[in-house]
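Residues per chain, in single letters:
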Amino acid sequence: MADVENGEADLLYFPPVEIQNEAHVQSMDQYREMYKKSVEDPAGFWGEIAKQYHWESPQTGQFLSYNFDYTKGPISIKWLEGAKTNICYNAVDRHVENGQGDKIAFYWEGNDPDDHGKITYRELRAKVCKFANVLRNLGVQKGDRVAIYMPMILEISVAMLACARIGAIHSIVFGGFSSESLADRIQDAKCRLLLTADGVWRGSKLLNLKEISDEAIAKCRQHGHEVEKCVVVRHLSPFEEQVVEGDGDSVEEPPAKRPARQLRIRWHHDYDLWWHELMEKASDECDIVWMDAEDPLFMLYTSGSTGKPKGVLHTVGGYMIYSSTTFKYVFDYHPDDIYWCTADVGWITGHTYVTYGPLINGATGIIFEGTPFYPDAGRFWATVEKYKVTKFYTAPTAIRAIMRYGDEFVTKYDRSSLKVLGTVGEPINPEAWLWYYNVVGNKQCAIVDTFWQTETGGHVLTPLPGATPTKPGSATFPFFGIVPHILSEDGKEIKDEGEGYLVFSQPWPGMMRTVYGNHERFETTYFKKFPGFYTTGDGARRDKDGYIWVTGRIDDMVNVSGHLLSTAEIESALVEHKAVTEAAVVSHPHSIKGECTYCFVTLREGYEFTEDLEIELKRMVRTKIGPFAEPDFIQNAPGLPKTRSGKIMRRILRKVAVGNRDIGDASTLADESVVDLLFDLRPDNV
Ligand code: WTA
């Protein structure tokens, strides 16, 4: 076991010598020199990097122009404006043309360990071209939005790249979102098409994605938005003869080796199309649409503190440079690497570090459909052994969950191929860091705790494997081009040691450009609190050695297993239940998930707080948002602690949630007796 109490967590961990010797950056001095150039002369630094990619025509305007200060005019960020390129060309065609066509782009590892596949760059190019032609034949044009609701199969990356090839904007919705969430996102972006699959096995759970897609399409229709076509990948149902024509049900047998359960999908002739049928007829050559560097590439929704999700918009050129450069340096990429990021493509980590970053570098990656626990808790390491993975990237929540099963699940597999172990999504606690380092990495690997956001497009605070001495739990130092500051509530800079708001004062190529359809919300959310700075919404502390420690969200956001959820969104799901008049949701610590949600509900007259109601309320949140958002705790709250002006005092609710009666100053409360009552009603199972 990692010994946190005996001081292991306070040590510095230096890069393993073998990694350092072959690394792109081999010392802190080299890092500092490159960093200095990147922030003092961004155009020079990134301009040099940009030369490694194909540009159909050079930039016409400035390399970089921006305004971070809303008091001086609208916020704007532009890199390489006027230059023409295509990210799909750079991620796929370029490698085929450079003689790398036979290199594996992706291994596909199914939920069932016996299911696997692979695709070379040449095959990927052919598939992407075919699907780009399919999209074109369906009338999709540059700038159109295409929604993708797919499991972790090769087709999800093919679909992204095909959109990018013809300039369509993809909007991927994670497969764990409910039909309502999917419908909201489709409507907000006015997507013309939905790309999905029949279903997927996740561990021993079968998800009927097609049914959820149908519900979402129906909901869009009710609100006057027509999804023209739904393209369905046949992933689970290879028995063509069983597809019933017409709008009736078709019963499709899953392959025999999977648990015997049937997937029932409904086929709508007005909008449904099978992916494989369209692909058969499509040509495998497809012209590239050359895009302006500042044309949109994709949008991805992230939780907003007001409840309504925001469509974070990324553009072609800057994202291309940034995703690939962070990939190269943070995983210290070399051409013989086998790289595996376990994140779902439905989240930003999957966009940047499953699809774009690795492919632009010409890497071999793994797309993994399963879970860390299926068929057992050794799945990650069995897969590492199978493919001889060299660079591995996962979430602290997965590490904590696997740790509990004991070291044997790890040590029985050969992990000697591993060099770099990354984490992302939430702060990693030193215990988990040390276990990752000692047990998984056998003290031979560099650990990179990467801090970033959907909005940042790629890593912003991170160690470099061959250079940075690490401290367990610290994301250490800024990546090239990132200028972090820690500010106090009143905007004063905390220069040395201290804690405050984490903000950035300069743009980097991969940062978001706007909130889709709502630039004002972009400005308000990220730039109003501290004029001149991009505000992350996270808190951070700088220690005496200058290391940065991200302390977590300081807005009304909860990070459950690395997924950001807005408390307002959960509250509005809860109050949709007829029994609930008011709800307040706060974060509660959780040993595996990091944080979980603790919900206080005030019931309407005539309703009683029962176990059944609790189940119904949890279900309500699953249906409104998605299964991954299900609350852990729901508590009856006949009253909520409010100020005289009616504002709910969440600080006090957080204390109630953890059972800590030391609530501090409660003098602004309208009615103090509410608090005692809440402590009395606190459930025993927390
Ligand atoms: C949190 C995920 C601490 C943080 C890439 C951030 C982290 C939010 C770390 C973004 C980390 C992510 N250490 N906190 N290494 N990585 N976070 O948009 O609160 O899904 O603001 O992007 O996750 O989550 P998002």
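Keep in mind the model is a prediction, meaning the values are calculated, not measured.

1. Concerning the UniProt feature "domain: AMP-binding enzyme C-terminal" (unreviewed entry) in the protein
Mapped onto the present numbering, the UniProt feature "domain: AMP-binding enzyme C-terminal" (unreviewed entry) falls at residues 569-647. Taken end to end, residues 569-647 comprises 25% helix and 32% strand; its first and last C-alpha atoms sit 17 Å apart.

2. A short note on the confidence of the model for the protein
Confidence along the protein averages 94 in pLDDT terms, with 95% of residues attaining 70 or more. Between residues 239-246, whose pLDDT stays under 50, and residues either more than four places distant or in other chains, the model counts 18 contacts. Across residues 248-261, confidence stays below pLDDT 50; counting only partners more than four residues off in sequence or on other chains, it has 47 contacts. Overall fold confidence for the complex sits at a pTM of 0.93, while the interface term, ipTM, reaches 1.00.

3. Digging into the sheet that holds strand β24 (residues 498-504)
The strands making up a sheet associate through backbone hydrogen bonding, with each pair oriented either parallel or antiparallel. Taking strand neighbours across the sheet as the criterion, the four strands line up as β23-β24-β26-β27 in an open arrangement whose pairing is antiparallel. With one partner strand each, in any of the chains shown, β23 (484-487) and β27 (548-553) form the two edges of the open sheet. Sheet twist, expressed as the average angle between the axes of neighbouring strands with direction ignored, equals 45°. Bridge analysis of β23 against β24 gives four bridges, and the strand direction is antiparallel. Opposite L487, over in β24, you have Y501 as the bridge partner.

4. Considering helix α19 (residues 650-658)
Buried within α19 are the following residues: R650, I652, L653, V656 and A657. Along the axis of α19, the buried residues cluster in a sector spanning 150°; they form a single face. Where α19 terminates, the next one or two residues include G659, which has phi positive at roughly 75°.

5. Overview of the pattern of salt bridges
If you walk through the whole model with that rule in mind, you get 37 salt bridges. Among the salt bridges present, the one from K210 reaches D272, with a minimum N-O distance of 2.7 Å. With K210 in helix α8 (residues 209-222) and D272 in strand β14 (residues 272-274), this residue pair connects regions lying 62 residues apart in the sequence. Here K210 falls in the buried class, since its relative accessible area comes to 0%. Residue D272 is classed as buried on the basis of its relative accessible area, which comes to 5%. Through salt bridges with shared partners, a single network forms among D93, R125, R165 and E285.

6. What about the nonpolar core?
Among soluble globular proteins, nonpolar side chains are generally buried collectively. Membership of the largest hydrophobic core comes to 179 residues, with the highest contact counts inside it found for W46, F131, Y356, F480 and L574. If near-sequence neighbours (up to four positions away) are discounted, Y356 is found in contact with I87, M160, L161, A164, H170, L297, F298, Y319, S323 and H351. The next biggest cluster of nonpolar side chains, apart from the first, holds 31 residues, and it includes F368, V389, V410 and W435.

7. A closer look at unusual backbone geometry
With an omega of 0°, the peptide bond running from Y374 to P375 counts as cis. Topologically, P375 is positioned in the loop between β19 (364-368) and α12 (379-387). Its identity is not glycine, yet K443 carries a phi of approximately 60°, on the positive side. A positive phi angle is found at S561, which is not glycine, with a value near 50°. Tracing the backbone through its elements, the reader meets S561 in the loop between β28 (557-560) and β29 (563-566).

8. A word on the packing of helix α13 (residues 396-403) against helix α15 (residues 430-440)
As a packed pair, α13 and α15 sit with axes 10 Å apart at the nearest point and diverge in direction by 75°. As far as their axial angle goes, α15 and α13 are roughly perpendicular. Each of I399, R400, I402 and M403 in α13 lies in contact with α15, whose residues at this interface are E431, A432, W435 and Y436. Of the residues contributing to the contact of α13 with α15, the split by class is six nonpolar, no polar and two charged.

What counts and how
- Residues numbered from 1 in each chain as written.
- Predicted model: local features only at pLDDT ≥ 70, side-chain atom pairs only at ≥ 80, totals over all residues.
- Heavy atoms only, no water.
- UniProt positions renumbered as here; feature names shortened; annotations may be inferred.
- Helix = DSSP H or I, 4+ residues; strand = E, 2+ residues; numbered from the N terminus.
- pLDDT = per-residue confidence, 0-100.
- Contact = heavy atoms within 4.5 Å.
- Pairing = 2+ DSSP bridges.
- Axes fitted to C-alpha atoms, helices over the stretch in contact; angles between N-to-C directions.
- Buried < 20%, exposed > 50% of the residue type's maximum accessible area, 1.4 Å probe, protein only.
- Arc of directions from axis to C-beta.
- Salt bridge = Lys/Arg side-chain N within 4 Å of Asp/Glu carboxyl O.
- Core = buried A, V, L, I, M, F, W, Y, C linked by side-chain atoms within 4.5 Å.
- Parallel < 35°, antiparallel > 145°, perpendicular 65-115°, else oblique.
- Nonpolar A, V, L, I, M, F, W, Y, C, P; charged D, E, K, R; others polar.

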